[in-house]
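# Structural characterization, general
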Amino acid sequence: MNKGQRKFFVTGTDTEIGKTFISAALLRALAHKGKKAAGLKPIASDAQPVQGIMKNEDALELQKAASMSLSYSEINPFCFEPAIAPHIAADLAGTSLSVERLQNSVIIPDDAETVLIEGAGGWLTPLNNQETYADWVEQSGFEVILVVGMKLGCLNHAMLSVRDIERRGLKLAGWVANFPVGKMNMAEDNVQWLKSNIEAPCLGIVPQQDASQDADSVSQLLDVSSLL
Ligand SMILES: Nc1ncnc2c1ncn2[C@@H]1O[C@H](COP(=O)(O)OP(=O)(O)OP(=O)(O)O)[C@@H](O)[C@H]1O
Ligand SMILES: C[C@H](N)[C@H](N)CCCCCC(=O)O
Ligand SMILES: [Mg+2]
């Protein structure tokens, strides 16, 4: 067991709000700080065949951004084709997900100094009819990073997530205000409200980027000093 290792579960206020986008940038920021960092996407539902093997774009992005190189199956042990809730995708594939299966299948590389583990959807995404992804995070004792997709309604989603993370006794290591869909009315007031109401540090405010901005340039908008 690597005692100095820090393990962060990256969750979000919803699906499609920038967990992968921000995780890749965090991995680049950690690499710039000289950290040996790995990115995992244990469960993916949305995959295409790449040279005959089903692969998920999030897992490939994390693989590319990480300073530590891992095989595809180490990054993404559970991969399903349809872009739907993972427990339904697993069922359609004739299998199932559970806390126990995650515990047995997700290998945290011991030689990584930092590990970022991207969830799927929001904080309470189901694994099955009884368990949620958050139950595995709680059992594993990971720290949590919350990506807030800045749009109307996000204050409620953010606080519901923060409250449940805290209720489980987990440490919220930080949060990011990400603007995946451009302008939001009164954006600064919304960010300010979150800053006043979330105790954990804001790791960055990321406006909508144009296609030319890669994870390296987005990483400059993030302050990872509290994650080192
Ligand atoms: N700040 C941003 N600027 C520009 N594009 C962004 C930004 N944040 C996210 N996006 C884009 O929005 C889309 C959704 O982001 P992303 O895939 O990171 O979401 P996600 O939360 O990881 O979704 P999922 O739940 O499927 O894992 C992607 O095409 C991503 O490139
Ligand atoms: C397919 C999608 N992009 C995500 N990977 C999975 C989103 C799960 C959402 C579950 C829910 O309804 O809360
Ligand atoms: Mg993603």
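The shown structure was predicted, so the numbers you read here are calculated from the model rather than taken from an experiment.

## A closer look at the UniProt feature "binding site: substrate" (unreviewed entry) in the chain
- UniProt marks Ser45 with the feature "binding site: substrate" (unreviewed entry), using the numbering shown here.
- The topology assignment puts Ser45 in strand β3 (residues 43-45).
- Residue classification places Ser45 among the buried positions, given that 24 C-beta atoms sit within 10 Å.
- Those residues in contact with Ser45 that sit more than four places away from it in its chain are Phe80, Pro82, Ala83, Ile84, Pro86, Ala89 and Ala120.

## Quick word on the site of ligand 2
- Surveying the vicinity of ligand 2 reveals the residues Thr15, Glu16, Ser45, Asp46, Ala83, Ile84, Ala85, Ala120, Gly121, Gly122 and Thr125.
- The class makeup of the residues in the shell around ligand 2 is four nonpolar, five polar and two charged.

## Brief notes about the packing of helix α1 (residues 19-32) against helix α2 (residues 57-65)
- Relative to each other, α1 and α2 sit at 15°, their axes nearing to 8 Å. As the angle between them shows, α1 and α2 are arranged roughly parallel. Note on packing geometry: the crossing formed by α1 with α2 is right-handed. Across the interface between the two elements, Thr20, Ser23, Ala24, Leu27 and Arg28 from α1 touch Asp58, Glu61, Leu62 and Ala65 from α2.

## What to know about the sheet that holds strand β9 (residues 172-178)
- Read across the sheet, six strands follow the order β2-β7-β1-β8-β9-β10 without closing on themselves; strand pairing throughout is parallel. Edge positions in the open sheet fall to β2 (37-40) and β10 (202-206), since each of these has one partner strand only. This sheet shows a mean twist of 20° between the axes of neighbouring strands, independent of strand direction.
- Along the sheet, α1 makes contact with β1 (6-12), β2, β7 (114-118), β8 (143-149), β9 and β10, crossing β7 at roughly 175°.

## Some remarks on the pairing of β9
- A large share of β9 lies buried, amounting to six of its seven residues.
- Between the parallel elements β8 and β9, the chain passes through helix α7 (residues 154-167) in a crossover that is right-handed.
- For β9 and β10, the ladder comprises four bridges, and the chain directions are parallel. What sits directly across from Val176, in β10, is Gly204.

## A word on the site of ligand 1
- Every one of the 17 residues lining ligand 1 counts as a neighbour, but Thr15, Gly18, Lys19, Thr20 and Pro180 are closest to it.
- Examining the composition of the shell around ligand 1, we find that three residues originate from one element, α1, more than from any other.
- For the shell around ligand 1, the class distribution of residues is six nonpolar, eight polar and three charged.

Rules of the game
- Residues numbered from 1 in each chain as written.
- Chains lettered and ligands numbered in written order.
- Predicted model: local features only at pLDDT ≥ 70, side-chain atom pairs only at ≥ 80, totals over all residues.
- UniProt positions renumbered as here; feature names shortened; annotations may be inferred.
- Helix = DSSP H or I, 4+ residues; strand = E, 2+ residues; numbered from the N terminus.
- Buried ≥ 20, exposed ≤ 12 C-beta atoms within 10 Å, placed from the backbone.
- Contact = placed C-beta atoms within 7 Å.
- Near = placed C-beta within 6 Å.
- Nonpolar A, V, L, I, M, F, W, Y, C, P; charged D, E, K, R; others polar.
- Axes fitted to C-alpha atoms, helices over the stretch in contact; angles between N-to-C directions.
- Parallel < 35°, antiparallel > 145°, perpendicular 65-115°, else oblique.
- Left-handed = near helix turned anticlockwise from the far one by under 90°.
- Pairing = 2+ DSSP bridges.
- Right-handed = clockwise from strand over helix to strand, strands pointing away.

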